[in-house]
Each structure stands twice: as C-alpha cells, then as structure tokens.
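Here are the chains, one letter per residue:
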Amino acid sequence: MVVKAEKISRTFLRNKAGTNFFYAVQSTDFQAESGEFIEIVGKSGSGKSTFLNMLAGLLTPTEGKVYIGNTDLYLSEDGERSQFRNENIGVIPQGQTGLLSLTVLENVLLPSKIYGKCDGEKIVRAEELLKAVGLYDLKDVYPNELSGGEMRRMAIARALIMQPSVILADEPTGDLDEENTALVMSLLKNAAKGGATVIMVTHDKDALSYADKVYSMSGGVLSEKTA
Amino acid sequence: MNFFAELSLKNLKRKPLRTFALSALVALLSFVLFGGTILVTSLKNGLDSYSARLGADVVVVPYAARSEGQFEDVLLQGIPGNFYMSSSKIDKIANVEGVDKLSPQFFLASTSASCCSASVQIIGFDPDTDFSVLPWVNRKYGGSIGDGDIVVGSEISVTTSGKLKFYNVECNVVATLERTGTGLDTAVYANMNTIKQMAKNAKELGFTFLDGVNVDKSVSAVMIKVKSGYDAESVAAQINMAVTGIRSGSSTSYVSGVAGGLDNVSGIIGALSVMIWVLSVVILGVSLFAICNERGKEFAVLRAMGASKKSLYKLIIVEISILSAVGASVGVILSGAFILPFGAIIRRSLQMPYLVPEWWQLALFAVAAVVISVLTGVIASLFSVKKLSKNDAGLMLREDA
Ligand SMILES: Nc1ncnc2c1ncn2[C@@H]1O[C@H](COP(=O)(O)OP(=O)(O)OP(=O)(O)O)[C@@H](O)[C@H]1O
Ligand SMILES: [Mg+2]
C-alpha cells in the first residue's frame, strides 16, 4: 500500500526562549510505494520516532494528513483506525516492547488475538517466524527471561504475523549483532519483495545497503539522501 | 475465552502481590458492608419482633418493676424476674376510659435446683382473655393450652420425652415458638392454673421470693388493648392517674429505648460504611492510577498492535472487576463467618433484640455487598480510564516499561 504524508507537523510543549512549543516534525511531505524499502536516518532527537508514530496512526499530527492506501488515517475514529492498523500495519516500536504477562509465542500471536483471528494457520505462521528469528526454542518463555536482542527479534516476528502491507520499524536492529541484523534485514527485505511498504528508522550503517531509498531527518525536516 | 479477559487474568497472576493488596482492600469494604448490613437488619428485625411480641398497646407493671426496668430485662435479655401486684388492680384498670381488652400475666422465675428442669422465665397467661400470646402460639399450635401444657421459646431445649418440670409440676411441651431474638426466646408459657400451682409448690419448697405474695390474688403484668380512636399514650397516662402502686406505659415506651439504641448503632455502622467506601474509592483510585501510569508502555504496545482505546478500557475494567469480585467474595465470607455464629454474644453485649434475617435475605445482602464493592472498584478505575483516553498511544510508547 502507498504510504503518504502531506505536510505533517507535530509540536510538543517545551519552554524555550519566546515560545512554549517546538516542532518535533515540521511540515513534512513523504511518499512510499508498495514494495519499497525505505530507511530513515538522523540524529537522536531529530524527530524520527515522532514521524513514524504519526504514520502508524499512533500520534495525531498537529497539522497535515496521513494516507495509507486510500485511507485518510486520522479521519476515522479510534476503533476503526485501530482495527485498520491491526490488519494492515506491522509496527515495531522503539525500545523493549514485549508484554510481560504473555509468553514469547503468545506475544507473537498477540496481533491476531486482538480481533479474534488467531487460528491454526496463525499458530503455524508464528512458529515459522519464531524459527526464522531463531527464537523457536524460547517460545514458551516469558519476555523477562529474554535478552534485549531476543526481545527485539520477538517484536519483529510479532509485526509480521498479520502479513501487513505496511511495516513501520523503529530501530529494529538496535542491539543486534551482525548476524542477527542480517537475518532481520532479510526478513524485512523479503516482506518488501512480497509487496509490503517497509519504512525503517535506523542508526545502523550495516543496514543501509538494503534500502531502496534513504531519507535523513534533521530538526524535524525530512530530506532524501542521494547516495 | 475472550482475549482481553484472558490477558486480564494473566496480568493479575503476574503481579500477585499487587493483586492481593488491592483485593484485600475490596475485601475490607465488602466485609464492612455485609457485616454492617447483617448487624443493622438483625437489630431492626429484633426490634420489630420485640414490639410485635409485646402484642399490647399498653402494659401495666408494678411500680417498682417499672422503675428498675425489670419488665424490659425479661423481654429483652431473658433475665428472670419476679414482681407482683394485687389482682384487684385489674378491675380498676378496666374502668379507665379507652381500655378495650385486658389480660393479666403472672411471672415466675424457675431455678436451677432439682425441682426444675432449667432456670428460665415462666410466663403465665390467661387463655380466656389473652390477645398477646396466643396469636404467636397459634402460628405453631392450634390446640388449647390446658393445665400442665406449656409452650416454649425457641432457645429452650426439649428432651425427646417432650416433658419439662418446674417446681415439681410435670409439663407437656405442646409447641416451640418462632425465634424473636429477644429474651422471650428463653421463656416458657403456661396457663394461669399451671403457673399458680408452680408458685404454690415453690412456696412450699421454701423459696423466699414469694414471701408475702398471695399467689391467687396477684399478677405481674396487665396487657391492654385500647379502643380504636384512643391513643395508647394518653390511656397509659389515665391509668397512671387512676390506679396507684403501678406503672403503665405504652408499648412504644418500652420499645423506644431500644429503638434509640438501634438508631445509634445504625448511625455508627452507616457512618463507618461511608467512611470505608470513600477510603476505598480514594485508595483504589490512587493505586490504580499509579499502576496504570506505570503500565503506560504496556498499553501503548497493545495500541500499536491494533487494540482500540475501548478495548484497553475493557482490559482495565475487567481486571479490576475480577480482582474486586474475588476480594469482595472473600470479604463477605469472612464477614459472615465472623458475625453469624456470634448472634448471642452480640445480643448480650448490645443488650438489644437481635434476630438474624432469613438465609435468602442474607444471600441478597451478600450479593449486594459484592456488587457494590465491584462497582466501587470500577468507579475507582475510571480515573485511570480517563487519563488513558486523553493520551495518544505514541506518547505512552516513550515511557519505560
Ligand atoms: N511526548 C513528548 N513530549 C515532549 N517532547 C517530546 C515528546 N516526544 C518527543 N519529544 C521530543 O521531540 C523530539 C523528537 O523526538 P523523537 O522521539 O522523534 O526523536 P528520535 O529522532 O526518534 O530520537 P532517537 O533516535 O533518540 O530515538 C525530541 O527532542 C524529543 O525530546
Ligand atoms: Mg526514536
């Protein structure tokens, strides 16, 4: 699906000289086509996560519109938008995001359970994904027993369970070694080859070679990098 | 099972201490609500049955008995009493305007000596004129109370032979009365012939409490029904003026002390319940609010995976409902276990009639206590739901797990 942002901005309250707010993302236009693999780089605090969360429907832009396919994301009310996200967008949020009350397998199945779509097929898929990210042996373990990298890989498997047509990943290779980075990148690349739009925020130099396009975020402004 | 219900359970299980602490608070609430309701309704029931059992508009007793509260002692606490006045007073009372029916009673306390089966209050009444005892007897026994027949209160234990002996008079127990929660539950009723025979035997056996009492010409109390259109208070006042050596009072005057006591106890329990309720809402509200803040990231992850805000409210409310339903049930069970077996002790220490409601009423109260407690938990969780509804998930994602 096409992911399109039209002049989106997001301000936050912060007391600085003169004003009491600032732009974390400023008037950004953006478009990504199906099958594209896009990476976003930028300094810490430049607004990458803010941007990605707005694309995911998790953070309402102060100005501008976000379209996923033909859907104006922030036009629909929360229930509808949530279900849309569940069905179409695989989100890998920044940081550690395992639910501690669920086992690794249950965490991976989580998106399919929210709207009662967890069936035998989904379980098979979850197990395959866990094998692909090398966590199959840990499927019945709780996330507090996982390492940071293992938790991250679990989150990636979880984002792929619904076979989403849009994948939004916020530093998915953050604390992975080279081998696992390559593994995760090829999973995401495969998803893109299968037609998904993949947008990924990263600091990882090794990861950049996978991208069709690389953007750079600086001070809330996004610009395409020419290699 | 619905996924969010399943997740609630798992969340509760993952934090056993937190779950325990919160449900203990709800348990305390339902303990107080249920226990308080049992106490107040038992006292209220007791009072109702007490005034109903009295069965008269006006009661006349000897002056001394009234001032020392002996009659109330007999009624309320089953403290045996012997007090007498001349039966010549009956005619004088009958002449007072407004008196419709009247019926004398003769009181005799039995002893624990070998001549008696038990030490109880025996009340002699006159089946020909009675209107206050027989209606209660007739609920259990349709026959007449002949010489040697007795009717016993609910707390008198009767042997299989169905016989009890008082001052060497062998009596047949023909009926056991319903519980009243008053001193009358330990009383024994006989007709005048029977009780006077006992009194005479007592004199012969050398008991001194009847010294100077002419058994045949004495009564202990006179129960009076006033004519319709007359006020019990004013008839009682008339009797006090017309007849000397006695004290007459409307039945409400015998009850009012108890009713006042009931008001006090109800007031205290009511205030306590409200206090605990407010405390519960505040403590639960603040704790849940803090817990939900701490769980911001967890909620945000669920949102990122496509859970709607509504389903998160559901998650919070289901969690608190499960937790408070368990807490409230434990509270109700503990409350019942603490209060129900000790009715006798409670009655004695409060010195008030105390009649525990029927089991179905208790069940109703228990359900109500649980429902109110669960609702309290849900109300307390609304602060958290409100907070959650205001924030975008994207903001909460930044919080540390
Ligand atoms: N909820 C918030 N309230 C106030 N300021 C915020 C909030 N969220 C983000 N910011 C600010 O907006 C700016 C952009 O934040 P963002 O998280 O998008 O950065 P980032 O590029 O993802 O950084 P990093 O690489 O460290 O993850 C930062 O200056 C941050 O402090
Ligand atoms: Mg970030």
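Rules and cut-offs
- Positions within a chain are numbered from 1, following the residues in the order the chain's sequence is written.
- Chain labels run from A onward and ligand labels from 1 onward, assigned in the order the entries are written.
- Reporting in this predicted model follows two pLDDT cut-offs: at least 70 for local features of residues, and 80 or more for side-chain atom pairs to be given and counted; totals over whole chains, interfaces and linings ignore these cut-offs and use all residues.
- With hydrogens and water stripped out, all remaining heavy atoms of the structure feed into the side-chain values.
- Under the DSSP-based scheme used, a helix requires at least four consecutive residues in state H or I and a strand at least two consecutive residues in state E, with every element numbered from the N terminus.
- Between the two quantities, the radius of gyration covers C-alpha atoms and the globule rule is 2.2 Å times the number of residues to the power 0.38.
- A 1.4 Å probe rolled over the protein chains alone gives each residue an accessible area, and that area as a share of the maximum for its type sets the label: buried under 20%, exposed over 50%, partly exposed in between.
- Between two residues, a contact is recorded if the distance between any of their heavy atoms is within 4.5 Å.
- The method behind every accessible area is Shrake-Rupley, applied with a 1.4 Å probe, and residues are considered shielded solely by the protein chains displayed.
- Counted as positive: Lys and Arg. Counted as negative: Asp and Glu, with His and the chain ends omitted from the count.
- To locate a charge, the coordinates of NZ of Lys, CZ of Arg, CG of Asp or CD of Glu are taken.
- Within this document, salt bridges are pairs made up of a side-chain nitrogen of Lys or Arg and a carboxyl oxygen of Asp or Glu, the two lying within 4 Å of each other.
- Residues were grouped as follows: Ala, Val, Leu, Ile, Met, Phe, Trp, Tyr, Cys and Pro as nonpolar; Asp, Glu, Lys and Arg as charged; and all remaining residues, including Gly, as polar.
- As used throughout, domain bounds are those supplied by an automatic or database domain assignment.
- Here a polar contact means two N or O atoms within 3.5 Å. Within protein one must be a hydrogen donor candidate and the other an acceptor candidate, and residues neighboring in sequence count only if both atoms are side-chain atoms.
- Whether a residue is near a molecule or strand depends on its heavy atoms: if one lies within 4 Å, it is near.
- Strands qualify as paired when DSSP identifies two bridges or more between them.
- Throughout, an axis means a line fitted to C-alpha atoms (over the contacting stretch in the case of helices), and angles, computed between N-to-C directions, take values from 0 to 180 degrees.
- Donors, by definition, are the N, O and S atoms found within 2.8 Å of a metal, the threshold being 3.2 Å for Na, K and Ca, and water is not counted, so a site can look incomplete.
- Side-chain atoms within 4.5 Å are what join buried Ala, Val, Leu, Ile, Met, Phe, Trp, Tyr and Cys residues into a set we call a nonpolar core.

## Brief notes about the overall build of chain B
Within chain B, the regular secondary structure consists of 14 helices and 11 strands. A globule of 401 residues ought to have a C-alpha radius of gyration of about 21 Å, yet chain B, at 30 Å, is considerably larger. In terms of overall dimensions, chain B has C-alpha extents of about 95 × 50 × 35 Å along its principal axes. Within chain B, the proportion of its 401 residues that are buried is 54%. Taking the intrachain contacts of chain B between residues at least 6 apart in sequence as the baseline, contacts between residues at least 24 apart amount to 79%. For chain B, the accessible area works out to roughly 17500 Å², and carbon and sulfur atoms hold 60% of it. Of the side chains in chain B, 35 bear a positive and 31 a negative charge, and the two mean positions are spaced by 13 Å.

## Brief notes about the interface of chain B and chain A
One frequently used descriptor of interface size is the decrease in accessible area upon assembly of the parts. Listed by partner, the interface residues are 25 residues for chain B and 29 residues for chain A. Our count for the contact surface shared by chain B and chain A stands at 3 salt bridges. Its salt-bridge partner being Asp78(A), residue Arg303(B) comes within 2.8 Å of it at the nearest N-O pair. Elements that contribute at least two residues to the side of chain B that touches chain A include exactly helix H1 (3–14), helix H10 (296–304), helix H11 (309–339) and helix H14 (393–396) of chain B. With 7 residues, H1(B) is the single largest residue contributor to the side of chain B that touches chain A. Classifying every residue of the side of chain B that touches chain A by side-chain character gives 12 nonpolar, 4 polar and 9 charged.

## Details of the domain arrangement of chain B
Residue and element names in this part refer to chain B. For chain B, the assigned domains are domain 1 (3–49 + 258–400) and domain 2 (54–250). Distance from the C-alpha centre of domain 1 to the C-alpha centre of domain 2: 49 Å. At the junction of domain 1 and domain 2, the tally comes to 0 salt bridges. Across the domain 1-domain 2 interface, the total number found is 1 residue pair in polar contact (both at pLDDT 80 or more). Taken together, the residues of the side of domain 1 that touches domain 2 sort by class into 4 nonpolar, 3 polar and 1 charged.

## Section: the environment of Pro164(A)
All names here are of chain A. Of note, Pro164 is situated in the loop between helix H5 (148–160) and strand E7 (166–170). Judged by its relative accessible area of 8%, Pro164 is buried. C-alpha of Pro164 to C-alpha of Lys117: the two residues are 47 residues apart in sequence and 14 Å apart in space. Apart from residues no more than four positions distant in its own chain, Pro164 is found in contact with Glu87, Asn88, Ile89, Gly90, Ala159 and Ala196.

## Here's the deal with the site of ligand 1
Neighbouring ligand 1 are 17 residues, the closest being Ser44(A), Lys48(A), Ser49(A), Thr50(A) and Gln94(A). Around ligand 1 the close residues trace back to chains A and B. Contacts to ligand 1 include Arg14(A), whose side-chain N or O atom sits 2.9 Å from an oxygen atom. Here an oxygen atom of ligand 1 and a side-chain polar atom of Thr50(A) are 2.6 Å apart. At 3 residues, the largest contribution of residues to the shell around ligand 1 is made by helix H1 (residues 48–55) of chain A. Classifying every residue of the shell around ligand 1 gives 4 nonpolar, 8 polar and 5 charged.

## Some points on the sheet that holds strand E10 (residues 221–225) of chain A
Residues and elements named next belong to chain A. Ordered in space as E6-E7-E8-E3-E9-E10, the 6 strands form an open sheet in which the pairing is mixed. Strands at the two margins of the open sheet, each flanked by one partner only, are strand E6 (89–92) and E10. Neighbour-to-neighbour, the strand axes of the sheet open up by a mean angle of 20 degrees, direction not taken into account. For E7 and strand E8 (residues 197–201), the ladder comprises 5 bridges, and the chain directions are parallel. Note that in E8 the partner of Asp170 across the bridge is Val201. In the packing of H1 onto the sheet, the strands contacted are strand E3 (37–42), E6, E7, E8, strand E9 (213–218) and E10, and the crossing angle to E7 comes to about 155 degrees. Lying over the sheet, H5 contacts E6 and E7, oriented at roughly 170 degrees with respect to E6.

## A few points about the coordination of the magnesium ion (ligand 2)
Residues and elements named next belong to chain A. For the magnesium ion (ligand 2), every protein donor is listed as Ser49 (OG) and Gln94 (OE1), and the spread of their distances is 1.9 to 2.2 Å. Remark: Gln94 occurs in the loop between E6 and helix H3 (104–114) and Ser49 occurs in helix H1; sequence separation between them is 45 residues. Overall, Gln94 belongs to the partly exposed group, its relative accessible area being 37%.

## Some details on unusual backbone geometry
In this structure, Gln163(A) takes a positive phi of about 50 degrees despite not being glycine. Tracing the chain through its elements places Gln163(A) in the loop between H5 and E7. Owing to a relative accessible area of 56%, Gln163(A) belongs among the exposed residues under this scheme. Backbone geometry at Tyr167(B) places phi at a positive 45 degrees, although glycine is not the residue there. Summarising the element assignment, Tyr167(B) is placed in the loop between strand E6 (163–166) and strand E7 (169–176).

## Description of the nonpolar core
Core analysis: the biggest nonpolar cluster contains 53 residues, and Phe30(A), Phe51(A), Leu55(A) and Ile199(A) have the highest contact counts within it. Counting residues per element, this core draws most heavily on H10(B), at 5 residues. Dropping the residues within four chain positions of it, Phe30(A) is found in contact with Val3(A), Lys4(A), Ala5(A), Ile38(A), Phe51(A), Leu55(A), Ile199(A), Tyr215(A) and Leu222(A). By size, the runner-up hydrophobic cluster in this structure holds 52 residues, among which are Ala65(B), Tyr254(B), Val265(B) and Met352(B).

## Observations regarding the pairing of E3(A)
Across a regular strand the side chains alternate sides, sitting on one face of the sheet and then on the other. All names here are of chain A. The element E3 is largely enclosed, with a buried count of 6 among its 6 residues. With 4 bridges connecting them, E3 and E8 associate as parallel partners. Bridge pairing links Ile38 to Ile199 in E8. Inspection of the sheet shows E3 paired to E9 by 5 bridges, in the parallel sense. Of the residues in E9, the one forming a bridge with Glu39 is Val214.

## Considerations on the side chain of Arg153(A)
Along the chain, the position of Arg153(A) falls in helix H5. For the buried Arg153(A), which has no salt bridge, the nearest side chain bearing the opposite charge is Glu150(A), at an N-O separation of 4.5 Å.

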